[in-house]
Amino acid sequence: MAQLPKFLIADDPVTDPENEYIFHTEKPRFFAKRVEEDEETAYIDIIHEIDNVEEFYKNAPEKKQELLEQLEDWYYSYMEWLEDDGEEEEDEE
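Not measured: the values here are computed from a predicted model.

1. Describing the nonpolar core
It is characteristic of soluble globular proteins that their nonpolar side chains tend to be buried jointly. Counting residues in each nonpolar core, the largest one holds 13 residues, and the members touching the most others are Ile 22, Phe 30, Ile 44 and Leu 71. Mapped by element, the contributors of at least two residues to this core are strand S3 (30–36), strand S4 (42–49) and helix H2 (61–92). The biggest single contributor to this core is H2, with five residues. Excluding anything up to four places from it in sequence, Leu 71 contacts Phe 7, Ile 22, Phe 30, Ala 32 and Ile 44.

Here you go:
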């Protein structure tokens with residue numbers, strides 16, 4: 001079987017159209033999402049753990065922070081890609 005990407009986008013447009021989740025496929029596996037506190041403050045946070053994230057990083061908590069930063073970079077790259085892809089489709093029309 002081919003190796004899964006490290007991060008995957010997951011959504012449910014039928015029952016939860018307002019949210020988009022990020023699945024971390026490697027241990028520790030978890031779901032995260034972009035949380036907006038207000039119009040100017042947003043961040044990526046773990047919302048559901050499959051594996052215990054704190055226990056996994058108990059001897060190296062800085063590694064957890066590194067992973068969340070990687071996830072955030074990946075997510076914002078994905079968002080840019082969506083915008084660029086949308087612009088290309090408009091140009092084709």
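Having seen the model, we can carry on.
2. Some details on a negative patch on the surface
Judged by side-chain charge, Glu 62, Glu 66, Glu 69, Glu 72 and Asp 73 come together as a negatively charged surface patch. Mapping Glu 66 onto the fold places it in helix H2.

Criteria and thresholds
Residues numbered from 1 in each chain as written. Predicted model: local features only at pLDDT ≥ 70, side-chain atom pairs only at ≥ 80, totals over all residues. Heavy atoms only, no water. Core = buried A, V, L, I, M, F, W, Y, C linked by side-chain atoms within 4.5 Å. Buried < 20%, exposed > 50% of the residue type's maximum accessible area, 1.4 Å probe, protein only. Helix = DSSP H or I, 4+ residues; strand = E, 2+ residues; numbered from the N terminus. Contact = heavy atoms within 4.5 Å. Patch = residues over 30% accessible without salt bridge, like charges linked within 9 Å, V, L, I, M, F, W, Y side chains within 5 Å. Areas by Shrake-Rupley, 256 points an atom, 1.4 Å probe, with all protein chains shown as cover. Salt bridge = Lys/Arg side-chain N within 4 Å of Asp/Glu carboxyl O. Lys, Arg positive; Asp, Glu negative; His and termini not counted. Charge placed at Lys NZ, Arg CZ, Asp CG, Glu CD.

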